[in-house]
Amino acid sequence: MMVRQNFLIAVLFGMILSGLIYLNNIQCSCNQQITEQGFNCSQQITEQGIIKPKWKQKIFGLRSTPGLLYNQPSVLVGRTDVASVSPWSAPIIWEGNFDSTLIDSIYKQQNLTIATTVFALGKYTRFVKDFLESAEQHYFVGFRVHYYLFTDQPESVPEVKMGENRGLIVQKVPSLNRWQDISMSRMEKLEKLIENELVNEADYIFCLDIDAKFYGRWGAETLGRLVGVIHPWLFNVPRSQFTYERRPESKAYIPVEEGDYYYAGAAFGGSLEDVHHLTKTCREQLQIDAANSIEAVWQEESHLNKYFLLNKPSKLLSPEYMWWDVNEKAAQIKIVRLTNVPKNYADVRPNP
Ligand SMILES: CC(=O)N[C@H]1[C@@H](OP(=O)(O)OP(=O)(O)OC[C@H]2O[C@@H](n3ccc(=O)[nH]c3=O)[C@H](O)[C@@H]2O)O[C@H](CO)[C@H](O)[C@@H]1O
Ligand SMILES: [Mn+2]
């Protein structure tokens, strides 16, 4: 009896031990893949046993270059005229709170590709040249940038000289009659682009308005998981004055006593996975609204604001990154990086 009991305990012990060894092995092989080829454990096996690639995701530390000299960071001195952090601890990027030399030296080591999307339909093709030429001067200079331009007139796309490792991919899309539909349809196009073409192609994506021009640096300080830009018109007003959708019938509804910031629809970005989730969710909410015959007051911008209320951005860009007119000043804006190009709406839009 005693012998049998001992035997059973020994078998049990052996089973636990081999289980632990097995678990440890899985972890080891996974870690090895991370260092050798980025994050390869991210392959997903579905219920049917099909292996689906997940997002290209690399594990990097913020590695610094030995011997790099830069100003000593201060714990005590910083900008006091603006907030540099949100209540959920996301940084808010302003001129004066980052060191561009240090940031570039860290992110250049990561061999990144930044996908950047713009849409130019109808008369908005007139903005393409200035947008691209100014981006080549100021936007992720020295990094690999792939611009994706969606247009109904590929023949009108101007020749713009691109820097090394930078390129333009033009995709033809059907014309639409209402500017609101053009603006809103961007969410679905972006969702599909990320799904079908960008997985394993890019590390980050930024989605920008085309009626915009760069005047200052927009670089690696803007990289993050989920990135929103604070709208230039509404950065200094109480939340009750934000132009959120206020009708409860819309999926974009935000009550007057809620809301963090008012975000611009003209610029957002982040990792492919996060931006895919954002564009998919906004596309779904837009479709539900359309089925209920309601269009949010600022179309997809209203839905973006609802999304960011429920999915807080990990990084916020100050209105330096989407200013409303290069000739307009505000005490807090020390540099205009990207700005709206003033336009006569009646002149460029297909409908009021
Ligand atoms: C600064 C800012 O946050 N701007 C937003 C705001 O007004 P905007 O006045 O900036 O909207 P907009 O007329 O620039 O339209 C948005 C974008 O749609 C594209 N487009 C539009 C019309 C057209 O005929 N052809 C064309 O290609 C183009 O890429 C343009 O940049 O509200 C819009 C939705 O209501 C968008 O959320 C914009 O991003
Ligand atoms: Mn615009």
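Residues numbered from 1 in each chain as written. Chains lettered and ligands numbered in written order. Predicted model: local features only at pLDDT ≥ 70, side-chain atom pairs only at ≥ 80, totals over all residues. Heavy atoms only, no water.

As annotated in an unreviewed UniProt entry, the protein chain carries the name Globoside alpha-1,3-N-acetylgalactosaminyltransferase 1-like and is attributed to Cyprinus carpio carpio. As its UniProt record puts it under Subcellular location (unreviewed entry), the protein chain is described as follows: "Membrane". For the protein chain, the Sequence similarities (unreviewed entry) comment in UniProt is given as "Belongs to the glycosyltransferase 6 family." (UniProt positions renumbered as here; feature names shortened; annotations may be inferred.)

A. Structural view of helix H3 (residues 128–138). The complete set of buried residues in H3 reads Val128, Phe131, Leu132, Ser134, Ala135 and Glu136. Of the surrounding secondary structure, the elements contacted by the buried residues of H3 are strand S4 (113–120), strand S5 (144–151), strand S6 (166–172), strand S7 (204–208) and strand S8 (212–214). One or two residues past the end of H3 sits Phe140, with phi positive at roughly 45°. (Buried < 20%, exposed > 50% of the residue type's maximum accessible area, 1.4 Å probe, protein only. Helix = DSSP H or I, 4+ residues; strand = E, 2+ residues; numbered from the N terminus. Contact = heavy atoms within 4.5 Å.)

B. Geometry of the site of ligand 1. Near ligand 1 you find 24 residues, and of these Phe119, Leu121, Tyr124, Gln299 and Glu300 are the closest. A distance of 3.2 Å separates an oxygen atom of ligand 1 from a polar backbone atom of Ile210. In the complex, 97% of the free accessible area of ligand 1, which totals 720 Å², lies under the protein chains. Taken atom by atom, the bulk of ligand 1 overlaps the largest pocket. Those elements that provide at least two residues to the shell around ligand 1 are S4, helix H4 (179–198), strand S10 (263–271) and helix H6 (299–310). Counting residues per element, the shell around ligand 1 draws most heavily on H4, which supplies 4 residues. Of the residues contributing to the shell around ligand 1, the split by class is 12 nonpolar, 5 polar and 7 charged. (Near = heavy atom within 4 Å. Polar contact = N/O pair within 3.5 Å; in protein donor to acceptor, adjacent residues only side chain to side chain. Areas by Shrake-Rupley, 256 points an atom, 1.4 Å probe, with all protein chains shown as cover. 1 Å grid on protein atoms, 1.4 Å probe; cavity = no way out; pocket = protein on both sides within 12 Å on 5 of 7 lines; lining within 4 Å. Sits in = over half its atoms within 2 Å of the grid points. Nonpolar A, V, L, I, M, F, W, Y, C, P; charged D, E, K, R; others polar.)

C. Spotlight on the packing of aromatic side chains. For the structure shown, the criterion picks out 20 aromatic pairs. Taken together, a centroid distance of 4.6 Å and an interplanar angle of 10° make the contact between Phe119 and Phe150 stacked. Here Phe150 lies in strand S5 and Phe119 lies in strand S4, a separation of 31 residues in the sequence. Judged by relative accessible area, which is 10%, Phe119 ranks as buried. The buried category is assigned to Phe150, whose relative accessible area is 2%. For the pair Phe235 and Trp323, a centre-to-centre distance of 6.1 Å together with 50° between the ring planes defines the contact as tilted. One end of the pair, Phe235, is in the loop between strand S9 (226–230) and S10; the other, Trp323, is in the loop between strand S11 (315–317) and strand S12 (338–340), with 88 residues separating them in the sequence. Taking the relative accessible area as the measure of exposure, Phe235 reaches 24% and is therefore partly exposed. Three or more aromatic residues joined by ring pairs make a cluster, and in this case those are Phe131, Tyr139, Phe140, Phe143, Phe206, Phe214, Trp218 and Tyr321. Of note, Arg349 hangs over the ring of Trp179, and the distance from its end group to the ring centre comes to 3.5 Å. (Phe/Tyr/Trp six-rings, centres within 6.5 Å; stacked < 30°, edge-to-face > 60°. Lys NZ or Arg CZ within 6 Å of the ring centre and 35° of its normal.)

D. Region of the structure containing the layout of surface pockets. Estimated volume of the largest pocket: approximately 790 Å³. Around the largest pocket, the lining comprises 39 residues; the ones closest to its centre are Trp179, Asp209, Asp211, Lys343 and Arg349. Across the lining of the largest pocket, the residue classes break down as 22 nonpolar, 8 polar and 9 charged. (Points joined across faces, edges and corners; volume = space filled by probe spheres on them.)

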